[in-house]
Every structure is written in structure tokens, then in C-alpha cells.
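Fold and contact review
Spelled out, the chains give:
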Amino acid sequence: MSLEHPKSAEKPGEFRTPFCNAIFKEFIAQYPEKTEAIKTIFKEIDAQAIDNLDVFRSTRFPGVSFSYSKLTVTPALIEKLGSLQFSETPTAAISETPEKTEGAEADPNAKRHDYFLFTAMNLPPGGHAFTAQDVAIDRFLRLIPLVAVPLARGEKPPQVNIYFLGDTTGLGGSVTPKWLIGTQLRGFNQDGELRAEFIKKVENAEPETEDKPHIVLQGVSKGAIIAEKTSRYLPQHLRKHTQRLLDNPAGDHGDEAILDRARKGLQVLAGYRRELAYHAGSNMMQNLSAEGGPFIRYFSNYLATKKGVPEDNRSQRSLKWGVVLSEVGNLVKGTSLDTQEVRSFIRRGIDDPVTKSDARTREVQEKVARGIPHPFFQRGRSSEIPFKGRHFFIYHRYHRWSTILDFAQKAGRGKKWDWSPKP
């Protein structure tokens, strides 16, 4: 099997991964003066994502696995940006404000920042690591200042890593009959335990170590539920330094009354259909669809030749679909988030058909009318922040990205820190 560069049916893409191609086209349409800078970023993301692609095979759950990849924001990238021709974007207000609360618990002095991103619900062979790459791209760009600021000061920057995790049912993943039963009996707690096993292996940190990483678990939709469950299975010495960012958690109605759970369950099913229909005709989805099939073939060949992962047989495909249907059932039945004992930041789109609440919309409108432009609500120890958006908000923070690129290019032209290993 060959590992040729995947191509869309119409035109070869700049990059191998579909999200890089689709988002690149949209960004340069709005900011053509930033073409070379964003291309430099996306080349780095695309190369790292493919080079670091791997499969995690669980020891806690024998026979269960999922694909993942890793991105690192490097000083070399900042210097590369600094070498490009510079064209500054006119200053303008940034409209996407709910993320202001994300860093409220971040440790600015941490030597390492590790972000773990969890994918939303997807049908096989979707749900693999690259299903969450849109979140990873946005996160990568918005973490560039963590490295660029120290460089501009001539200081050593922290290590900044982003891991994006696929599902067991996605391409590269595997499930067992026992895993299917666990999904039916334990819901997403089983997924949380599996992801915690992966994170503990990545961190490999003992309680007494001085290296205390700042850890962020971020998930969208079903991924938000799994992110919160994952936190419960981390050892205390890691949980102390872990922040949870939960975007539009689907099925967050497990502790409501029976009639309310039934109503919310029906809303989940209807909301997903409405959301898919809403995005179906967008340029983003059309570009992703055009490249989806070729990339899946490329991805499958890569796994087979580089990682020894064969294509799913009939039994494995049947098991995966059984797990997905059980997960849909779990979302409909509802699962509760621990907001009383665990501090999380929950973001909900006001126009999200999957999780929308008329009562919450009225509360938001009342606060805005009282002069509170960016209201938030307290749920136990957690904060819930409404924002103007839908369920799957494929990221359009392009102005923010542009201003970050401006700063990174300036930082890359300034004083350099020599990060090469010393003898």
C-alpha cells in the first residue's frame, strides 16, 4: 500500500489533513496579507500531526485502543514567523469573549502546559484523532503567546503540548465485547477511566516531583462529558493542577426529574439533526467532505504500514456500531456532570439546538438588559458561560488569530533565547 499525498476530487490541497486545508482557505479569504504566516503555522501543524500520529493500546482494558496525535508550540516556529515579510492587521475589537475565563486558573509559572482534547460524537470511521483537529488548530494558535512572550523578553519559554484524542470507535481504534457491555452499564465513566490511563502515562509524574504541569482537559459535546469523567480518574497530585473546559456538554441532564430527562433526551436527538442540517451547506463542510474520503484512505494506509493497525473486519465494525448506538442511548438518557465538587468552566452556545434552554436564554437576556454584557452563572463550584454560537462551533476566531500572528512575528524578530541543549 502506498502512502501518497491525499488529494481532493477537484484540486490538491496545500496540506495532508482536511481541517488544515478547509480552514486555511477560509482564513486567507479574509486575511490575504497573512497567507505566508498562516501557511507556516499550518505546515507545522500538518507535519507534526502526521508525524506524531499513534495508537494508544490500553492495558486496563485489553483489546481497546484509540488514535491520538500531538502538537508542540516551539521557539523555532516563532523565529520562523519572525523571518517572514510582516504586514500588520489593523487593530479591531475581538468579539469572541467567553474564552476570557479559560485561563483563570492557569499557572503562569508552569514549566509545562499539557492540553488534552476530546472528540465529539461521530460515526465510524469518523471519531479518530483528526476529528478534533479543528479544536487543536484553534488551541495551537491561541497558545503561541505562551512561547512568544518569554522569547520576546529573552527568557526560556515553557513547553506547550496539545494532545488530541480519538474515540475507540474511530479509525485506528478498537473495541471488545466487554467494552460494549461496559458502555451499556457504566456509560461514559468507562471512557473517562481509559483516557485517564493515557494521561497518567503521558505525565508519568510522581506526587513529590517539582515539575507540576498545568493540565487542561477540553471537550466538545460528548467529548465534554468524557473530559469531566476523565478528571475523576486522575490521581490527586495531577488533578490539583488540572483545569476542565467543557464546551456544549451534550446529555448533561442525568440529575433532573424523569420527565425533564425525557424531554432533554428528545432534544438531543432533534438538536443533532438540526445542527448537521445547518452546517451541511457551508463552505467549510463542503471542503471537508471533498477531502474526507481521500484522507480516510491515506490515514488507513498510514496506520497499516507505519503502526501495524489492520483495517477493521466485520466483527470489529459490528462492535463499533454497537458501542456508538449505546453512546447515543447514554446521551439521550443523560449523564450528570459533577459541578458541585469539581470546578469546571462550561461554555454553552445560546443558539445550540442540542443543549439550549429557554429559561437560561431568558436569564441571559435579563442580565444583558441590566448592563452585564458577558454574564456567567454559578453551578456549585463550576462556572457556566453563555456565548453567541451553536453546538459545533467550527472555529472562526480569525481576527484573534491574525493579531496573534502579528505579535508572534514581532516576537520572532526580537531578542532570541538560545534553547539548544547545554553540555
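Residues numbered from 1 in each chain as written. Predicted model: local features only at pLDDT ≥ 70, side-chain atom pairs only at ≥ 80, totals over all residues. Heavy atoms only, no water.

The name an unreviewed UniProt entry assigns to the protein chain is Serine aminopeptidase S33 domain-containing protein.

**Quick word on the confidence of the model for the protein chain**
Averaged over all residues, the pLDDT of the protein chain is 84; the fraction at 70 or higher stands at 86%. Below pLDDT 50 for its whole length, residues 415-423 participates in 12 contacts with residues either more than four positions away or in separate chains. (pLDDT = per-residue confidence, 0-100. Contact = heavy atoms within 4.5 Å.)

**A look at the environment of Arg-397**
With respect to the helices and strands, Arg-397 occurs in the loop between β9 (382-387) and α13 (398-413). Under the relative-accessibility criterion, Arg-397 is labelled buried at 7%. (Helix = DSSP H or I, 4+ residues; strand = E, 2+ residues; numbered from the N terminus. Buried < 20%, exposed > 50% of the residue type's maximum accessible area, 1.4 Å probe, protein only.)

**Examining the packing of helix α6 (residues 189-203) against helix α7 (residues 222-232)**
Where α6 meets α7, the axes come as close as 7 Å, and the angle between the chain directions of the two elements is 65 degrees. For the element pair α6 and α7, the recorded crossing hand is right-handed. Residues Asn-189, Asp-191, Gly-192, Arg-195, Ala-196 and Ile-199 of α6 form the contact with α7, whose participating residues are Ile-226, Lys-229, Thr-230 and Arg-232. Residues belonging to the contact of α6 with α7 are distributed by class as follows: three nonpolar, three polar and four charged. (Axes fitted to C-alpha atoms, helices over the stretch in contact; angles between N-to-C directions. Left-handed = near helix turned anticlockwise from the far one by under 90°. Nonpolar A, V, L, I, M, F, W, Y, C, P; charged D, E, K, R; others polar.)

**Let's talk about the sheet that holds strand β4 (residues 159-165)**
Taken together, nine strands build an open sheet; the order of strands is β1-β2-β4-β3-β5-β6-β7-β9-β8 and the sheet is mixed. Only two strands of the sheet have a single neighbouring strand rather than two, namely β1 (54-57) and β8 (377-379). The sheet shows a mean angle of 25 degrees between the axes of neighbouring strands, taken without regard to direction. In this sheet, strand β2 (residues 65-73) lies alongside β1 in antiparallel orientation, the contact comprising four bridges. (Pairing = 2+ DSSP bridges.)

**Section: helix α10 (residues 283-306)**
Its 24 residues place the ends of α10 33 Å apart at the C-alpha level, agreeing with the 34 Å of an ideal helix rising 1.5 Å per residue. Maximal helix bending in α10 amounts to about 40 degrees, located at Gly-292; proline Pro-294 follows within four positions. Residues of α10 that are buried: Met-284, Leu-288, Glu-291, Pro-294, Phe-295, Tyr-298, Phe-299, Ser-300, Asn-301, Tyr-302 and Leu-303. Buried-residue contacts for α10 involve α1 (18-30), α2 (35-51), β1, β2 and α13. Where α10 ends, the next residue or the one after it, Gly-308, has phi of about 65 degrees, a positive value. (Expected span 1.5 Å × (residues − 1). Bend = angle between axes of the 7 residues up to and from the residue.)

**Observations concerning the packing of aromatic side chains**
Two measures describe an aromatic ring pair: the distance that separates the ring centres and the angle between the ring planes. Overall, the coordinates contain 21 aromatic pairs when judged by the stated rule. Connected via pairs of aromatic rings, a cluster forms that spans Phe-56, Phe-66, Tyr-68, Phe-116, Tyr-163 and Phe-198. Over the ring of Phe-61 we find Arg-60; its NZ or CZ atom is 4.7 Å from the centre of that ring. It is Lys-367 that lies over the ring of Phe-377; its NZ or CZ is 4.4 Å from the centre. (Phe/Tyr/Trp six-rings, centres within 6.5 Å; stacked < 30°, edge-to-face > 60°. Lys NZ or Arg CZ within 6 Å of the ring centre and 35° of its normal.)

**Some remarks on the packing of α2 against helix α4 (residues 133-152)**
Where α2 contacts α4, the axes come no closer than 11 Å and their chain directions differ by 125 degrees. Here α2 lies oblique to α4, going by the angle between them. The handedness of the crossing between α2 and α4 is right-handed. Taking contact as the criterion, the partners of Ile-38, Ile-41, Phe-42, Glu-44, Ile-45 and Ala-49 in α2 are, on α4, Gln-133, Ile-137, Phe-140, Leu-141 and Ile-144. Of the residues belonging to the contact of α2 with α4, the class tally is nine nonpolar, one polar and one charged. (Parallel < 35°, antiparallel > 145°, perpendicular 65-115°, else oblique.)

**Points about the pattern of salt bridges**
All chains considered together, the criterion is met by 22 salt bridges. Residue Asp-46 pairs with Arg-16 through a salt bridge whose shortest N-O separation is 3.3 Å. One end of the pair, Asp-46, is in helix α2; the other, Arg-16, is in the segment before α1, and 30 residues separate them in sequence. The class for Asp-46 is buried, based on a relative accessible area of 6%. Among the charged side chains, a salt-bridge network with shared partners connects Asp-167, Asp-191, Arg-195, Lys-222 and Glu-327. (Salt bridge = Lys/Arg side-chain N within 4 Å of Asp/Glu carboxyl O.)

**Remarks on the side chain of Asp-352**
Mapped onto the elements of the fold, Asp-352 is located in the loop between β7 (344-349) and α12 (358-369). Notably, Asp-352 is buried but unbridged: the nearest opposite-charge side chain belongs to Arg-348, and the N-O separation is 6.0 Å. Of note is the side chain of Asp-352, whose polar atom sits 2.5 Å from the side chain of Thr-355. A polar contact is formed between the side chain of Asp-352 and the side chain of His-391, at a distance of 2.9 Å. (Lys, Arg positive; Asp, Glu negative; His and termini not counted. Polar contact = N/O pair within 3.5 Å; in protein donor to acceptor, adjacent residues only side chain to side chain.)

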